[in-house]
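Spelled out, the chains give:
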Amino acid sequence: MPGLLRDWNEELQTTFEMPRKSLAERAVRDRSYYKIHADYVNAAAKGVQSILDGNILAINPGEDKKTHMYIWNNIFFSLGFDVRDHYKELGGDAAAFAATSTDLQGVRAFATLEDPKLNTLGMAIFDYRGYRVTAQSIIPGILEREQEQSVVYGSIDFGKTVVSDEKYHALLEDAAQQLKMLPHNVISVKDGVEQELKLFTSYEAKGIVGNDGRKYVLDLLRSMPPDVHYLEDAEVSETAKELGYPRKFPHKLSALRRELVDQFCESRLVMFIQSTARKIRALITEAKEKNDEELIKQAAEAESELSLVFVAVSEDREIETKNKIVQDAIKEACAEIHSIYEDRFVIKFNPDCFSPNVKHAPSENLERQRRVVIDAAEYLLTNQIPEIVQSFKDCTVQPIDGDNLADILHSKGINIRYLGEIGKRVQDTNSFARPLVLSDIVARSAKHVIRKINVQTPVDQLVVSTSHILNCLFSTVSEPSPVASHAHKKSSKKNGKKKNSGVWATLTTASLWKSICEESAYYYGYHIDTETLDKFLEQHEIQKTALFRRVVKIMGVQIVARDYQLDSSAKKVAAFTEDDIINFYPIIKHHQPFTVDAKKMIIRGQHAMSLGASREAYECISEAINIMTAVYGVMHPDMPQCLRALARLGHVLGETPDALNHQHKATVMSERLIGLDSGNTIIEYINLAHFAFGALLIPGSLRPLYRARYLMNLVFGEKHPIMAQIDANIGTILFTIQEYDTALKYLQSADAISKAIGEPRKLKTGLISNLIARTHAARGDFRAALVAEKETSSIYTELYGKNHQRVKDSGEYLRTLTQQAVTFQKKMLNPDNNTNINELFQIQPPPISALFDILNIINGIMIIGIPGLSNLAALEKEQVGTAEESKATDVAAQLDNETLD
């Protein structure tokens, strides 16, 4: 009803608890929960904007502004500052700021459990105009009683006094098992009496029973193990010490990501299985060498029992074996991988093992528990980071902007604070990741500095301060802002009292850059030694427009869409004015509900795709899209990726019209939901052009590629493997329509970019080189064609050896080129009246089907025998016909109008 306040907590918890036994029940439950959660986040966003605009009164207006709390529309809001010195020993305001993010990670972890038996609060974090605001749903009755009376599990005095409840133990046991948390005993002191209690989570987690009878768990900021590399007094591995860890950090709440915990536990399980099997096999080999029949028999029994042990370990069950050989092998393997227990495989984490406020029971082996945490942090440094850096060098992972980079790092379990470590490893390479990583370090450091300035800036000066900060960063400001003094005088006359003009007014280009360099060194551990931003960008080949776009985006600022003069020649004039700042918008972080069934179908489809079962994969992805449509509706940010996969599978299966249709939908959704200039949208444009080419819309397939190229220049710059892919696509299509001069420019650009970024030589590189040779030959430049084809032959020989068919084909084409060059030279030196210029070019261009195969490989699709090429074969007969060219142009124009206008 209009004007009626919604009970967000009741709606969220009711939909969360809906039955989920059957697929139909889960679809109804997921749809309801998704809708309520989306409404809740939208309502909270409006509340945050109203609070910072001063339109909502705090429930404690007499206290300091940083401690203000608000209740609006049945949502509780708090600011990200250290209230009542709760985080004083952990880093103050910096720790309070970080605690909200780690708490949200805990909420996400508990919300993704298979059968959650505990309720978590609806939670969302908003970064808006320099403030961090946390929105939470309200537990029934929590405001009517003291905190001491509410908490039945956990601690409210930093671990000195701990309370525990057997009812919560039964509920938390499964959660702790899935989240790899180690149950541990602690000593609680109350009224001078010590008591040993069992905890399944960190002492910070609090269990509260609401008036609605539900059991809630909150304050989940220590759900994941601590990152010892950022605890100054913590013990770290020798490898970490060599890299300068542990090091000082703004706060002591750094935690490892859940993705890292899962991958580390999986790697340790593999090591345990390999080590145990290796020891048993070594014993069998030794027994055979000694010809000891009894020992051979015992070892064979141990080997047969080993498979049962491995199944039990992988399913996280207790190992039951009485075989002495197996027991000894397990003990040795446990010692090798630093298992929590000596006689069985247990890799779990005690989140409190490095907490000085917690007193553990004497029975707890803290040394072993800490060793596991140290090993996990070392795994991040010695395995995950080198692996991602090598992926960048090999161009197997190709992030386009900072958002893509963050998603890729998070999928590997790497926290953003390790950007500096990655930056050190790529700064001396020619990898495309160097400008991307280093520009993101600068952008994020600038965000930290600007956030502190915005908190101290009056609301009425926020627009002028933002334009001044952007001028300081991207233009040259050598003196404090004259606008500030004018605004200060104007506001003083209007209000009749003195008013602070803000810290921003004293900023200059030099002072802001100095602050950014200091923040980069302090937070990311990356030292910038250049004097100005321009020198830094020039040194690392970073495009200024890309950095500008990234800074504005993470600041949450909307600006006027116009050409800004960011080049050095125009620096004497301010690039930004107050009129350029349109609006500020909140950066929102929250738990995004998802449908588990669709996710499982996607994983199943990806597995089928990896096995080559394209039809089964197509059906799985189609079913996933149907489930997502039933839950989310027709538009959702996760759907473009599924539609793209469906389009690629349809293309592989020869269903080109369907592939083009699915890709068209994916492109439109990506534009609307992810962003017109996002990295995902660029990929969608490339795929759209590819499938349009397959549907015979040859000239019409160029426009999406030109659009993608423009966006790549805007978002990143030239030297990126995606740019090489775009240029190779454009060059191939232009070659198809016999625009040889323009095609040559794009093909050479693709080849030059691949070499400039150090992309390894592979099949795609050889195909581009072969196309360059054919383009030169079509233009009559046989000398250049021979050089290019020799490089092609070299690449194929390096990849496949001398006896491969591609090497033989390249050698044959080299001989044809040589013969044609000789014939061409003779006829040019001895022309006669019967010489026809067309006869001089006897080398026929490859058929369109062959060019289509090349385009498939360039875009990452390897197909053997495409059923849908019959139409292309028919087109080959009329390749040079003017009627067909006119028809292709008309269809291309139709594609332009339907997809991009």
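Note: the structure precedes this text.
Residue indices begin from 1 for each chain and proceed along its sequence in written order. Confidence filtering applies because this is a predicted model: local features only for residues at pLDDT of at least 70, side-chain atom pairs given and counted only at 80 or more, and all residues used for totals across whole chains, interfaces and linings. Side-chain metrics rest on all non-hydrogen atoms present in the structure, leaving aside hydrogens and water.

Trainee: Any chance you could break down the overall build of the chain for me, citing the residues and the numbers?
Mentor: Along the chain, the regular secondary structure elements total 32 helices and 13 strands. Type-normalised accessible area, obtained with a 1.4 Å probe on protein chains alone, sets the label of each residue: buried when under 20%, exposed when over 50%, and partly exposed for intermediate values. The burial tally for the chain puts 53% of its 901 residues in the buried class. The contact criterion used throughout is that any non-hydrogen atoms of two residues lie within 4.5 Å. A sequence separation of at least 24 residues applies to 69% of the contacts in the chain between residues at least 6 apart. Surface exposure of the chain reaches about 41,800 Å², of which carbon and sulfur atoms provide 51%. Secondary structure counts use DSSP, requiring at least four H or I residues in a row for a helix and at least two E residues in a row for a strand, with both numbered from the N terminus. Throughout, the Shrake-Rupley method with a 1.4 Å probe supplies accessible areas, and for residues the shown protein chains are the sole cover considered.

Trainee: How would you sum up the packing of helix α18 (residues 544-555) against helix α24 (residues 702-715)? Please name residues and give values.
Mentor: Contact geometry for α18 and α24: axes closest at 6 Å, N-to-C directions at 75 degrees. Classed by the angle they form, the pair α18 and α24 counts as roughly perpendicular. Of α24, the residues touching α18 (which contributes Thr-545, Ala-546 and Arg-549) are Asn-713, Leu-714 and Val-715. Three residue categories are used. Nonpolar comprises Ala, Val, Leu, Ile, Met, Phe, Trp, Tyr, Cys and Pro, charged comprises Asp, Glu, Lys and Arg, and polar comprises the others, including Gly. In the contact of α18 with α24, the residues fall into 3 nonpolar, 2 polar and 1 charged. Lines fitted to the C-alpha atoms define the axes, with helices restricted to the stretch that makes contact. Angles between their N-to-C directions range from 0 to 180 degrees. An angle counts as roughly parallel when it lies under 35 degrees, as roughly antiparallel when it exceeds 145, as roughly perpendicular when it falls between 65 and 115, and as oblique in every other case.

Trainee: How would you sum up the sheet that holds strand β10 (residues 215-218)? Please name residues and give values.
Mentor: When DSSP finds two or more bridges between a pair of strands, those strands are recorded as paired. The sheet built from 4 strands is open, its strands ordered β6-β5-β9-β10 with antiparallel pairing. Of all the strands in the sheet, the pair left with one neighbour each is β6 (162-163) and β10. One ladder, built from 4 bridges, connects strand β9 (residues 206-209) with β10; its direction is antiparallel. Opposite Val-209, over in β10, you have Lys-215 as the bridge partner.

Trainee: Can you lay out the nonpolar core for me, pointing to particular residues and giving the numbers?
Mentor: Nonpolar side chains in soluble globular proteins tend to end up buried together. Grouped together as the largest cluster of nonpolar side chains are 197 residues, with contacts concentrated most on Phe-77, Ile-422, Phe-474, Phe-536 and Ile-682. Examining the composition of this core, we find that 12 residues originate from one element, helix α10 (residues 366-394), more than from any other. Residues Leu-113, Tyr-153, Val-162 and Tyr-203 belong to the second largest nonpolar core, which totals 26 residues. Remark: nonpolar core denotes a set of buried residues (Ala, Val, Leu, Ile, Met, Phe, Trp, Tyr, Cys) joined through side-chain atoms within 4.5 Å.

Trainee: How would you explain the environment of Leu-462 if you had to name every residue and give the values?
Mentor: By secondary structure assignment, the location of Leu-462 is in helix α14 (residues 462-474). For Leu-462, a relative accessible area of 4% translates into the label buried. Sequence separation of Leu-462 and Ile-581 is 119 residues, and the distance between their C-alpha atoms is 9.7 Å. In contact with Leu-462, other than residues within four places in its own chain, are Arg-129, Asn-454, Thr-457 and Phe-584.

Trainee: So what's going on with the packing of aromatic side chains? Which residues, and what values?
Mentor: Aromatic pairing here means that ring centres of Phe, Tyr or Trp (its six-membered ring) are within 6.5 Å. Orientation follows from the plane angle: under 30 degrees is stacked, over 60 is edge-to-face, and everything else is tilted. Inspection of the entire model under this criterion finds 24 aromatic pairs. Taking 5.6 Å as the distance between ring centres and 55 degrees as the angle between the ring planes, the aromatic pair formed by Phe-16 and Tyr-33 counts as tilted. Of this pair, Phe-16 sits in helix α1 (residues 8-16) while Tyr-33 is found in helix α2 (residues 23-52), placing the two residues 17 residues apart along the sequence. Both residues of the pair, Phe-16 and Tyr-33, count as buried. Pairing Phe-249 with Tyr-523 gives two aromatic rings, centres 4.8 Å apart and planes at 45 degrees, and the pair type is tilted. Residue Phe-249 is located in the loop between α6 (238-242) and α7 (258-290), and its partner Tyr-523 is located in helix α16 (residues 509-524); the two are separated by 274 residues in the primary sequence. The residues Phe-249 and Tyr-523 share a single accessibility class, namely buried.

Trainee: Tell me about unusual backbone geometry, and name the residues and values.
Mentor: In this model, Tyr-245 is joined to Pro-246 through a cis peptide bond whose omega is -5 degrees. Its place among the elements puts Pro-246 in the loop between α6 and α7. Even without being glycine, Gln-738 reaches a positive phi, approximately 65 degrees. For Gln-738, the location among the structural elements is in the loop between α25 (721-736) and α26 (740-756). Residue Gln-738 is classed as partly exposed on the basis of its relative accessible area, which comes to 32%.

Trainee: Residues and numbers for the packing of helix α19 (residues 596-610) against helix α20 (residues 614-632), please.
Mentor: One way to put it is that α19 packs onto α20 with a least axis distance of 8 Å and a crossing angle of 165 degrees. One way to sum up the angle between α19 and α20 is to call them roughly antiparallel. In this structure, the crossing between α19 and α20 has a hand that is left-handed. Between α19, through Asp-597, Ala-598, Met-601, Ile-602, Arg-604, Gly-605, Ala-608 and Met-609, and α20, the contact on the second element is made entirely by Glu-616, Ala-617, Cys-620, Ile-621, Glu-623, Ala-624, Ile-627 and Met-628. Class assignment for the residues of the contact of α19 with α20 results in 11 nonpolar, 1 polar and 4 charged. Crossing chirality is assigned from the near helix's rotation relative to the far helix, an anticlockwise turn below a right angle marking it left-handed and a clockwise turn marking it right-handed.

Trainee: If you had to explain the pattern of salt bridges to someone new, which residues and values would you point to?
Mentor: Think of a salt bridge as a Lys or Arg side-chain nitrogen and an Asp or Glu carboxyl oxygen that are within 4 Å of each other. Enumeration over the complete set of coordinates arrives at 52 salt bridges. Here Arg-549 makes a salt bridge to Asp-401, at a shortest N to O gap of 3.6 Å. Of this pair, Arg-549 sits in helix α18 while Asp-401 sits in the loop between α10 and α11 (402-411), placing them 148 residues apart in sequence. Comparing Arg-549 with Asp-401, the two get one shared label, buried. For the salt bridge of Glu-531 with Lys-535, the shortest nitrogen-to-oxygen distance reads 3.3 Å.

Everything listed here is a matter of geometry and, on its own, says nothing about what the molecule does.
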